Amino acid sequence: MMPTIFVLDVPEFLPLVMHAQEVSELAVTGPRLGYYRIQSQGTITLHRKALGFKPAVWHGALTGGLIGQVEHFDNDELRIGELHKS
């Protein structure tokens, strides 16, 4: 399955949605049922400072859920890759 992030439709997370809409590798749909969906054929990579997020908002960015595997998540970068079956 394609890496997917579900983003709550609240003002705090709109910078993430707006950024994703500008990245050609990312597809954004919604809002639907209170969530935006951000998908990619490859890895989704986001940087906190580029989004202008304070750490508390950054660490809450995945509260809407995801499909995929968290490859890296620290104070500055988030990478979600394809879910690998074991």
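The structure displayed is predicted, hence computed values, not measured ones. (Residues numbered from 1 in each chain as written. Predicted model: local features only at pLDDT ≥ 70, side-chain atom pairs only at ≥ 80, totals over all residues. Heavy atoms only, no water.)

### Here's the deal with the overall build of the protein
Then step 1. Helices and strands together make up the secondary structure of the protein, namely three helices and seven strands.
Then step 2. In the protein, the succession of α and β elements from N to C terminus is β-α-β-β-β-α-α-β-β-β.
Then step 3. Computed over C-alpha atoms, the radius of gyration of the protein comes to 12 Å, within 12% of the 12 Å expected from 2.2 N^0.38 for 86 residues, which places it in the range of a compact globule.
Then step 4. If you line up the protein on its principal axes, its C-alpha atoms span 35 × 30 × 25 Å.
Then step 5. A burial count over the protein gives 34% of its 86 residues as buried.
Then step 6. A fraction of 57% describes how many contacts in the protein between residues 6 or more apart in sequence connect residues 24 or more apart.
Then step 7. Accessible surface for the protein amounts to roughly 5300 Å². Of this, 54% is attributable to carbon and sulfur atoms. (Helix = DSSP H or I, 4+ residues; strand = E, 2+ residues; numbered from the N terminus. Rg over C-alpha atoms; globule rule 2.2 N^0.38 Å. Buried < 20%, exposed > 50% of the residue type's maximum accessible area, 1.4 Å probe, protein only. Contact = heavy atoms within 4.5 Å. Areas by Shrake-Rupley, 256 points an atom, 1.4 Å probe, with all protein chains shown as cover.)

### Things to note about the pairing of strand E2 (residues 26-32)
Then step 1. Sheet topology note: the E2/strand E3 (residues 35-40) ladder contains five bridges and is antiparallel. Counterpart to leucine 26 in the pairing with E3 is serine 40.
Then step 2. The hairpin formed by E2 and E3 contains two residues between the paired strands, and leucine 33 there has a positive phi angle of roughly 55 degrees. (Pairing = 2+ DSSP bridges.)

### A few points about the nonpolar core
Then step 1. Counting residues in each nonpolar core, the largest one holds 18 residues, and the members touching the most others are Ile5, Val7, Leu16, Leu46 and Leu78.
Then step 2. Secondary-structure elements contributing two or more residues to this core are strand E1 (4-8), helix H1 (14-22), E3, strand E4 (44-47) and strand E7 (77-81).
Then step 3. Among the elements that make up this core, the one with the highest residue count is H1 (three residues).
Then step 4. In this view, isoleucine 5 contacts Tyr36, Arg37, Ile38, Ile44, Leu46, Ala61, Leu62, Gly65, Leu66, Leu78 and Ile80; residues no more than four positions away in its chain are not counted. (Core = buried A, V, L, I, M, F, W, Y, C linked by side-chain atoms within 4.5 Å.)

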